[in-house]
Amino acid sequence: MAEVMYRSTRGESRTVAAAEAIVNGIAADGGLYVPTEIPQLTIPWAELAALSYQDLALQIMRLFLTDYTEVELAAAIEQAYDAKFDTPALAPLATHGSVHFLELYHGPTLAFKDMALSILPHLLRLAAQKCGLTQEVVILTATSGDTGKAALEGFAEVPGVKIIVFFPEHGVSPVQKRQMVTQAGANTYVIGIEGNFDDAQSGVKAMFTDAQLRQQMQQAGYVFSSANSINIGRLVPQVVYYYYAYLQLLSQGKVRAEQAINFAVPTGNFGNILAAYYARCLGLPIGKLICASNTNKVLFDFLTTGVYNKDRQFFVTMSPSMDILISSNLERLLYHASGENTAWVKDQMTYLTQQGHYQVPSTVQTAMSSFVGGYATEEATAAAISSVYQQSHYLIDPHTAVAYAVLQQYLADSGDPTPTVVVSTASPFKFAKDVLEAIAGQQPTEDEFTLLSKLAQTAAQPVPAAIRDLPTRPILHKTVCEKDEMRQVVESILQLS
Ligand SMILES: *Cc1c(COP(=O)(O)O)cnc(C)c1O
């Protein structure tokens with residue numbers, strides 16, 4: 001099998017093996033690592049359909065991570081995808097009406113980030129060995145709510161690693177916040193910032209590419225890495241469940257082999273939907289990739305007009321993990337859609353930083369035509385939660401509801417008969433208040449934690465074990481900082497200077 005190497009979207013000439021790309025997180029020129037060649041999955045459908053999630057993961061991940069041995073990958077997969085997930089299927093498909101929901105929230109933090117972040121620590125540990133790293137790895141992460149907890153859960157107590165998470169102090173749900181600030185583990189640091197997710201992400205990116213800080217780190221025996229979806233080690237494991245969804249439909253006789261399906265994906269940083277794009281490149285028959293945004297509809301505007309403009313009002317919505325105006329992984333799509341034109345990608349990204357916007361030519365827009373943009377207002381999101389519940393007694397969280405609402409609009413506009421999977425990214429229990437309010441049509445008065453039991457009654461299912469004792473867990477992290485103080489906080493944690 002040919003070795004797959006990784007290069008920067010912004011043209012830095014050095015290519016690196018997967019292990020180094022995973023350790024680095026981001027390329028030195030600020031670009032994102034992309035595979036120089038996208039492999040093909042050539043195993044026959046009948047064989048694929050017989051594989052467990054773990055065996056499928058091995059077949060897909062070995063294509064991308066060619067510098068890992070199969071034994072290493074199999075061990076990482078076994079440790080990641082185990083009883084931390086509350087169902088042996090890991091990513092079950094639930095069909096209600098004509099819509100299939102791919103439930104990616106059965107992991108330890110109840111959001112789809114677990115699918116990748118339960119394996120990333122193992123991939124990173126192996127990568128550090130392969131690269132002969134002697135320094136301690138510092139995972140620096142910005143979170144819109146779910147990445148932070150999933151990364152903390154994955155990296156807590158991992159030897160040779162410290163993890164520092166920045167989250168928007170006023171921009172995550174009460175359950176998300178409580179999950180993070182109660183995180184145990186001597187190597188974990190959780191900091192709220194007075195700013196939004198984009199501020200947190202920009203601050204983290206700036207630290208990654210700050211040569212002086214890197215040098216200080218080096219001297220102190222540390223090296224940065226990232227658990228954000230800019231890390232290729234996050235994206236590759238996410239390709240797996242798109243195949244898994246298709247194979248479940250195949251096994252259930254709901255599609256024929258090679259028949260195309262669509263996916264509707266609630267999108268923020270563009271990581272999840274980009275993994276679907278890679279699945280398509282690998283050979284999965286995908287028709288449309290429906291990119292669903294909330295009121296922060298920068299991607300909808302981009303996909304419909306070709307203009308990306310981050311200078312706009314920022315809204316805090318009930319789908320906080322999608323409250324993002326700078327969708328980092330879009331840079332990878334620009335790279336592929338422009339015919340791997342790294343100089344052009346670099347110019348657009350510079351222009352975005354300096355001017356706040358960029359515009360792509362029609363050739364690039366055409367190359368992205370399998371992506372369809374849509375957005376759902378807060379009202380449409382609540383209505384989607386309510387209508388799915390009324391029709392099927394099935395609960396969906398606000399992120400999933402955004403995708404569902406956008407899918408309904410797409411179907412009304414296009415009449416597209418293609419079978420569609422809605423990617424269900426969080427458990428409704430993470431957003432109990434908004435879900436109950438959507439169903440009852442009025443704002444509940446109880447606090448978020450009492451509402452968990454109320455939601456359990458409504459759903460006729462128990463509160464997921466992962467958050468059952470949340471209200472009584474001690475709060476261990478109390479630091480809050482201004483957005484321009486992030487670097488000082490890191491310096492003080494690591495006792496630099
Ligand atoms: C992170 C997240 C998203 C957005 O995924 P991206 O990969 O950032 O596009 C959607 N829903 C939930 C629940 C999330 O945690």
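Keep in mind that this is a model prediction, so the values were computed, not measured.

### Looking at the site of the ligand
Link 1 in the chain: Near the ligand there are 15 residues, and of these Lys 113, Asp 146, Gly 268, Asn 269 and Asn 272 occur at the shortest range.
Link 2 in the chain: Between the ligand and the protein, one listed contact pairs an oxygen atom with a backbone N or O atom of Phe 270 at 3.0 Å.
Link 3 in the chain: Gly 271 places a polar main-chain atom, nitrogen or oxygen, 3.2 Å from an oxygen atom of the ligand.
Link 4 in the chain: Out of a free accessible area of 380 Å², the ligand has 98% covered by protein chains.
Link 5 in the chain: With respect to the detected pockets, the ligand is housed in the largest cavity.
Link 6 in the chain: Here the residues of the shell around the ligand sort into five nonpolar, eight polar and two charged.

### Description of unusual backbone geometry
Link 1 in the chain: Despite not being glycine, Glu 258 shows a phi value in the positive range, around 80°.
Link 2 in the chain: Note on placement: Glu 258 falls in the loop between α11 (232-251) and β9 (261-266).
Link 3 in the chain: Using a relative accessible area of 53% as the deciding quantity, one classes Glu 258 as exposed.
Link 4 in the chain: For Gln 495, which is not glycine, the phi dihedral falls at a positive 50°.

### Topic: the layout of surface pockets
Link 1 in the chain: If you add up the space inside the largest pocket, you get close to 500 Å³.
Link 2 in the chain: In this structure, the largest pocket is lined by 22 residues; those nearest its centre are Arg 10, Lys 205, Ile 326, Met 349 and Thr 353.
Link 3 in the chain: When residues of the lining of the largest pocket are traced back to their parent elements, those giving at least two are α9 (197-208), α14 (330-337) and α15 (342-355).
Link 4 in the chain: Class assignment of the residues belonging to the lining of the largest pocket gives a composition of seven nonpolar, nine polar and six charged.

### Examining empty space enclosed by the protein
Link 1 in the chain: Taken as a whole and assessed by the stated rule, the structure comprises two cavities of 30 Å³ or more.
Link 2 in the chain: The volume enclosed by the largest cavity comes to roughly 270 Å³.
Link 3 in the chain: In terms of lining, the largest cavity is formed by 27 residues, of which the most central are Phe 112, Lys 113, Gly 268, Asn 269 and Ser 321.
Link 4 in the chain: Take the lining of the largest cavity: its biggest share by element is three residues, from helix α12 (residues 271-282).
Link 5 in the chain: In terms of residue class, the lining of the largest cavity is built from ten nonpolar, 14 polar and three charged.

### Focus: the nonpolar core
Link 1 in the chain: In terms of nonpolar packing, the biggest core is built from 114 residues, with Tyr 6, Met 61, Leu 65, Tyr 68, Tyr 242, Tyr 243 and Phe 263 touching the most fellow members.
Link 2 in the chain: A total of 14 residues in this core trace back to one element, the largest contributor, which is α11.
Link 3 in the chain: The contact partners of Tyr 242, leaving out residues within four places of it in the chain, are Phe 263, Val 265, Asn 272, Ile 273, Ala 275, Ala 276, Ala 279, Leu 284 and Val 423.
Link 4 in the chain: If you look at the next biggest cluster of nonpolar residues, it comprises 46 residues, including Ile 385, Val 422, Ala 426 and Ile 439.

### Description of the environment of Ala 116
Link 1 in the chain: Mapped onto the fold, Ala 116 is located in helix α5 (residues 113-117).
Link 2 in the chain: What makes Ala 116 buried here is its relative accessible area of 0%.
Link 3 in the chain: Note: C-alpha distance between Ala 116 and Ala 150 (34 residues apart in sequence) is 8.9 Å.
Link 4 in the chain: If we ignore the near neighbours within four places in the chain, the residues touching Ala 116 are Arg 234, Pro 237 and Gln 238.

### Digging into the environment of Ser 173
Link 1 in the chain: With respect to the helices and strands, the residue Ser 173 is situated in the loop between β6 (161-168) and α8 (174-181).
Link 2 in the chain: A residue is classified by how much of its surface remains accessible, and Ser 173, at 8% relative accessible area, is buried.
Link 3 in the chain: Discounting residues that sit within four places of it in the chain, Ser 173 has contacts with Pro 320, Lys 430 and Phe 431.

### Concerning the pairing of β9
Link 1 in the chain: Of all the six residues making up β9, six are buried; the element is thus mostly covered by neighbouring parts of the structure.
Link 2 in the chain: In β9, alternate side chains face the same way, and those of Ile 261, Phe 263 and Val 265 on one face and Asn 262, Ala 264 and Pro 266 on the other are all buried.
Link 3 in the chain: Summarising the sheet, β9 and strand β10 (residues 286-293) pair through five bridges and their orientation is parallel. Considered in β10, the bridge of Pro 266 is made with Ala 292.
Link 4 in the chain: The parallel pair β9 and β10 is bridged by α12, and the resulting crossover is right-handed.
Link 5 in the chain: The sheet contact formed by β9 and strand β14 (residues 420-424) spans three bridges and is parallel. Within β14, the residue paired with Ala 264 across the bridge is Val 422.

The rules behind these values
- Residues numbered from 1 in each chain as written.
- Predicted model: local features only at pLDDT ≥ 70, side-chain atom pairs only at ≥ 80, totals over all residues.
- Heavy atoms only, no water.
- Near = heavy atom within 4 Å.
- Polar contact = N/O pair within 3.5 Å; in protein donor to acceptor, adjacent residues only side chain to side chain.
- Areas by Shrake-Rupley, 256 points an atom, 1.4 Å probe, with all protein chains shown as cover.
- 1 Å grid on protein atoms, 1.4 Å probe; cavity = no way out; pocket = protein on both sides within 12 Å on 5 of 7 lines; lining within 4 Å.
- Sits in = over half its atoms within 2 Å of the grid points.
- Nonpolar A, V, L, I, M, F, W, Y, C, P; charged D, E, K, R; others polar.
- Helix = DSSP H or I, 4+ residues; strand = E, 2+ residues; numbered from the N terminus.
- Buried < 20%, exposed > 50% of the residue type's maximum accessible area, 1.4 Å probe, protein only.
- Points joined across faces, edges and corners; volume = space filled by probe spheres on them.
- Core = buried A, V, L, I, M, F, W, Y, C linked by side-chain atoms within 4.5 Å.
- Contact = heavy atoms within 4.5 Å.
- Pairing = 2+ DSSP bridges.
- Right-handed = clockwise from strand over helix to strand, strands pointing away.

These figures come from the coordinates and say nothing about function on their own.
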